[in-house]
Amino acid sequence: MNLSKNLFRFALLVVLFLSQLPSHAEDGYRLWQRYDLLQNKDLLKQYRKSLGEVVVQGTSPTLTVVKDELEMGLSGLLGSKVTVSDQASKKGGLVVGTPTTSPLIKDLGLDQRLKDIGQEGFLLLSQKHKGNAYTVIAANSEKGVLYGTFHLLRLLQTQQSLEALNVTSSPKTKLRILNHWDNLDRTVERGYAGFSIWDWHKLPDYIDQRYLDYARANASIGINGTVLTNVNANSLVLTPEYLAKVKALADAFRPYGIKVYLTARFSSPIEIGKLKTADPLDPAVRAWWKSKVDEIYTYIPDFGGFTVKANSEGQPGPQNYKRSHADGANMLAEVLAPKGGIVMWRAFVYDNNVPDDRHKQAYTEFKPLDGTFQGNVLVQVKNGAIDFQPREPFHPLFGAMPKTPLMMEFQITQEYLGQGTHLAYLAPMFKETLAADTYAKGKGSTAGKIVDGSLDNHPISGMAGVSNIGNDRNWTSHPFGQANWYAFGRLAWDHELTSEGIAEEWIKMTFSNAPSQVAPIKQMMMGSREAVVNYMTPMGLHHLMGWSHHYGPGPWIKDKPRADWTSVYYHRADEKGIGFDRTKTGSNALSQYAPEVQAMWGNPATCPEEVLLWFHHVAWDAKTKSGRTLWDELCYRYSGGVDSVRAMQKTWNSLAGQVDKERYEQVKQYLDIQEKDARWWRDACLLYFQTFSKRPIPQELEKPQGTLEEYMKIEPKFAPGI
Ligand code: BDP
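Residues numbered from 1 in each chain as written. Predicted model: local features only at pLDDT ≥ 70, side-chain atom pairs only at ≥ 80, totals over all residues. Heavy atoms only, no water.

K.L.:
How should the overall build of the protein be read in this particular structure?
P.N.:
Secondary structure assignment for the protein yields 23 helices and 16 strands. For the C-alpha atoms alone, the extent of the protein along its principal axes is close to 80 × 80 × 50 Å. The buried share of the protein, reckoned over its 722 residues, is 61%. Across the protein, every contact between residues at least 6 apart in sequence was considered, and the portion connecting residues at least 24 apart equals 72%. Counting only carbon and sulfur atoms, one obtains 55% of the accessible surface of the protein, whose full area is about 27,900 Å². Taking the average location of the 81 positive side-chain charges in the protein and that of its 77 negative ones, the two points are 3 Å from each other. (Helix = DSSP H or I, 4+ residues; strand = E, 2+ residues; numbered from the N terminus. Buried < 20%, exposed > 50% of the residue type's maximum accessible area, 1.4 Å probe, protein only. Contact = heavy atoms within 4.5 Å. Areas by Shrake-Rupley, 256 points an atom, 1.4 Å probe, with all protein chains shown as cover. Lys, Arg positive; Asp, Glu negative; His and termini not counted. Charge placed at Lys NZ, Arg CZ, Asp CG, Glu CD.)

K.L.:
Looking at this structure, I do not really get the nonpolar core. What am I missing?
P.N.:
Here is a general trend for soluble globular proteins: nonpolar side chains tend to be buried in one another's company. F253, F306, W485, W652 and F689 are the most contacted members of the largest nonpolar core, which totals 205 residues. Counting residues per element, this core draws most heavily on helix α22 (residues 661-693), which supplies 13 residues. Ranked by size, the runner-up nonpolar core spans 12 residues in total, among them L123, L125, V136 and A138. (Core = buried A, V, L, I, M, F, W, Y, C linked by side-chain atoms within 4.5 Å.)

K.L.:
Looking at this structure, I do not really get the site of the ligand. What am I missing?
P.N.:
E189, K309, R346, K382 and E415 are the nearest of the 14 residues found near the ligand. E189 places a polar side-chain atom, nitrogen or oxygen, 2.4 Å from an oxygen atom of the ligand. Note that an oxygen atom of the ligand is positioned 2.7 Å from one of the side-chain N or O atoms of D387. About the coverage of the ligand: the protein hides 97% of its 320 Å² of free accessible area. Tallied by class, residues from the shell around the ligand come to 4 nonpolar, 2 polar and 8 charged. (Near = heavy atom within 4 Å. Polar contact = N/O pair within 3.5 Å; in protein donor to acceptor, adjacent residues only side chain to side chain. Nonpolar A, V, L, I, M, F, W, Y, C, P; charged D, E, K, R; others polar.)

K.L.:
How should I be thinking about the sheet that holds strand β1 (residues 53-56) in this particular structure?
P.N.:
Note: strands within a sheet are paired through backbone hydrogen bonds, in either parallel or antiparallel orientation. Spatially, 6 strands are ordered β2-β1-β3-β5-β4-β6 in an open sheet, and the strand pairing comes out mixed. Every interior strand has two partners, whereas the edge strands, β2 (84-85) and β6 (166-169), have only one. Note: strand β4 (residues 122-129) against strand β5 (residues 132-138), 7 bridges, orientation antiparallel. Paired with L125 across the two strands is V136, which belongs to β5. Seen against the sheet, helix α6 (residues 142-157) touches β3 (93-97), β4, β5 and β6 and runs at an angle of roughly 75 degrees to β4. (Pairing = 2+ DSSP bridges. Axes fitted to C-alpha atoms, helices over the stretch in contact; angles between N-to-C directions.)

K.L.:
Looking at this structure, I do not really get unusual backbone geometry. What am I missing?
P.N.:
Of all residues except glycine, most have a negative phi; of all peptide bonds, most are trans. Following L203, the chain continues into P204 via a peptide bond in cis, with omega recorded as 5 degrees. By the element assignment, P204 lies in the loop between β7 (175-179) and α7 (209-220). For Y35, which is not a glycine, the phi torsion comes out positive at approximately 50 degrees. The residue Y35 is located in the loop between α1 (2-20) and α2 (41-51) in this model. When its relative accessible area of 7% is taken as the criterion, Y35 is described as buried.

K.L.:
Which parts of the structure should I look at to understand the side chain of S75?
P.N.:
Residue position: S75 is located in helix α3 (residues 61-78). Look at S75 and you get buried, because its relative accessible area is 18%.

Here is the structure:
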């Protein structure tokens, strides 16, 4: 009798325990939209009271998305089925809509407040009406309602109070766009999370659930556009066969407020139009683009426009016909303008045959064109002047083209920061550029204010992030790669958010609200990008990666067809010292910055050590701020990078049993890879630079395990993203 009673109790306990576990493996697919039952009883009570009956007034595809998300999100988070109704409740509760779709919201007297938030903003308020207490998501457009809905869900997921809500939010930047460098054969130019998520072969007939989950995730962070194809473009995507596929994606994304854009290969009139030229001033070429654009809009009436990489790294462009970048961009802009489309013309140009420092070439090319672009052209500028290195000073074009809307291009995919296996939280890197002061109009002229259009009063503004998304189950290969996608969206919405705040949100939604997890994970994330800088390219070194794969170290790369694709071009190590002199005595790239910036970076004594070797060739024995010689300091920084990875490993190990097994194990193994790679970078770089410095690695530091010859022989085969 007793035994069976005990057995029964035991069985009950097992059932109870199992019911607490997620019913599915934690494979990362749900990203930051996990919506599991909240564990805080007091908050649950408050949430149930504040949300009461949930009412979404109005019908449309976007409002259906809103309803579905609220039903799914709230049912999961609150632990009981929530059904959304469209009848205003007399008892208070959550009311969602615009003054047009919701009579109740129209009645609330929010006109002035709504006026101030623009087309994409939202209000999230606790509001009394006729004696009832409402939680209100109000906006001018359904898109605003959608963003407000995701904000409310985020408040629940991060366990914020819903009492006395008074949130006003609108995006600082208008175009918040992912750039997919995806090819039509599903390879990804620099993708490390499997193949492209666009299954072109099965489109337009098969709409993978993944496309909708992609759109949900993007909408939840305010992303409102996606460039589907690689900047190294294929004109095939502009043929009817592919336009039908693009249309299917555009239709799927539309309810989520996401517009579709394509990359336009400049030579398309020749390749698919059978013309003899792609000269932008040739009438037949212009007519071809006009009819092509008209055709695109018959498929996709709200098509966003084109991203163009022209006369860069072998891509065709207007200069093939002795025309300028403005001639090329304006030709496309002219035919897109009547349709509401835009051109995002990339400034990533440099020419091996131009003997000038690559750092200077985009500025030299584009600055004189300021004021000559049509109103619907944005010039898309990478954050730094070289190429997405772990650390770059801000691009000199920011602040140099006040008459042109400049769009920021960040790389979310970690081409130069350990790709799919290194943990590097990139918000601090994005922020570093956005917060950088260009002094274009005096102190406080940050790159962020240039990009959001506020400094120069531009009606259009944009931020693009080169996507790290692939068809891996968890989207980004590294579970922490998701944080970079998330951070990009959040910063595109508001570049003044802090890296720490964004990390905290993401951790709470993706892992847990438990302080015992939030604090250590945040600590790992916040130091991670600096760790990568230190073990790869400390003190302003750059472009030291291996040939073509860009994964491991290759500071010895030289004698290639293009000098500006070699490492020796950038580090310039010799017996005397190391670094690229970009002052007056060198390439004088510094002259492209405002006088205040020149003064700071031009003097080795005031130049932050983080970018010292970017601007100066410094003697091996020069004293650094720590009191060490430059050589010793470099050794310390490289070693410090490895130590930081080891510290991350320790922190992660301490989370065993707290984080679900799948993600715990994956991150643990990836950290092992990162530690091994960090040593590889440190040892290969120090041994190589030592051939110039001829100085010993300080006694107290760990010594390289291999020889330089061994490191130089390592050649990763078939690395992804080549
Ligand atoms: C470089 C990448 C190359 C891209 C290029 C670009 O290695 O694959 O095509 O940027 O931005 O960093 O166009």
